[in-house]
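Reading the structure
Letter by letter, the chains look like this.
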Amino acid sequence: MHEASIRLIVVDDHPIVRDGLCGMFAGEPGIEVVGVAGDGAQAVALAEELRPDVILMDLRMPGTDGVTAIKRLAERGSTARVLVLTTYDTDRDVLPAIEAGATGYLLKDAMPDELVRAVRAAARGESVLSPSVATRLLGRVRAPSDPLSARELEVLGLIARGCTNREAAARLFISEATVKSHLLHIYAKLGVNDRAAAVAAAFERGLFDRP
């Protein structure tokens, strides 16, 4: 009995790139391109309709970009693995994509056989990163984090207990604007974008005990 083919959707705003990728995978046993999309919104709609195993996703596209599409797929409970294929390997491209839930991240200068292996690996749930992206992520993990100040820990502790900015300000006898300023510094130091993520990161780093 043959294994089911990996169902693949190719997402890129350039028709030539889409056609080239489809042509490349057409000759690969066990991989079937079931759909193509020109932007993130179309990719999300196709994913809901076609239930692919892997989505090969470009990042910078007009309309709905790749990171937004990855977030929407996660919100809608898609089980597809998203493998980013892009020209860019800067922090502002790599980190949001990985944080949004991308399984892997490859650059468009990857060799065809490398890309095929990456799709197969992604279908198995394995992470695949181009060497430059892996180095970039490892560098961030190894970089010493800027510690939170005593006041920032106080603010975050109150937020963790459910206080609003106004309530935290009242308890610490500071202005609400100062609380917001502290939160922005906390987000930057912890590498997060919102209150919930900041609290989760603080627990993970052992900055205060879990309730």
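Below: a short report on this structure. Just so you know, these numbers come straight off a predicted model, no measurement behind them. (Residues numbered from 1 in each chain as written. Predicted model: local features only at pLDDT ≥ 70, side-chain atom pairs only at ≥ 80, totals over all residues. Heavy atoms only, no water.)

With that settled, consider the side chain of Asn165. Position of Asn165 among the secondary structure elements: in helix H8 (residues 165–172). Polar side-chain contacts of Asn165 include one of 2.5 Å to the side chain of Arg195. Beyond its immediate chain neighbours, meaning those up to four positions away, Asn165 contacts Ile159, Glu176, Val179, Lys180, Leu183 and Arg195. (Helix = DSSP H or I, 4+ residues; strand = E, 2+ residues; numbered from the N terminus. Polar contact = N/O pair within 3.5 Å; in protein donor to acceptor, adjacent residues only side chain to side chain. Contact = heavy atoms within 4.5 Å.)

This part is about the pairing of strand S4 (residues 81–86). The side chains of a regular strand alternate between both faces of the sheet. Here S4 lies mainly inside the structure; 5 of its 6 residues are buried. Relative to S4, strand S3 (residues 54–57) runs parallel, the two sharing 4 bridges. In the sheet register, Met57 faces S4, and the bridge partner there is Val84. Where the polypeptide runs from S3 across helix H3 (residues 66–75) and back to S4, its parallel neighbour, the crossover connection is right-handed. Strand direction decides the pairing type here: S4 and strand S5 (residues 104–107), joined by 4 bridges, are parallel. (Buried < 20%, exposed > 50% of the residue type's maximum accessible area, 1.4 Å probe, protein only. Pairing = 2+ DSSP bridges. Right-handed = clockwise from strand over helix to strand, strands pointing away.)

This part covers the packing of helix H7 (residues 150–160) against H8. The N-to-C vectors of H7 and H8 enclose an angle of 130°; their axes lie 9 Å apart at closest approach. Taken together, H7 and H8 sit at an angle that is classed as oblique. Crossing geometry of H7 relative to H8 is assigned as right-handed. In this structure, H7 uses Arg151, Glu154, Val155, Leu158 and Ile159 to contact H8, whose residues at the interface are Asn165, Ala168, Arg171 and Leu172. Considering only residue class, the contact of H7 with H8 consists of 5 nonpolar, 1 polar and 3 charged. (Axes fitted to C-alpha atoms, helices over the stretch in contact; angles between N-to-C directions. Parallel < 35°, antiparallel > 145°, perpendicular 65-115°, else oblique. Left-handed = near helix turned anticlockwise from the far one by under 90°. Nonpolar A, V, L, I, M, F, W, Y, C, P; charged D, E, K, R; others polar.)

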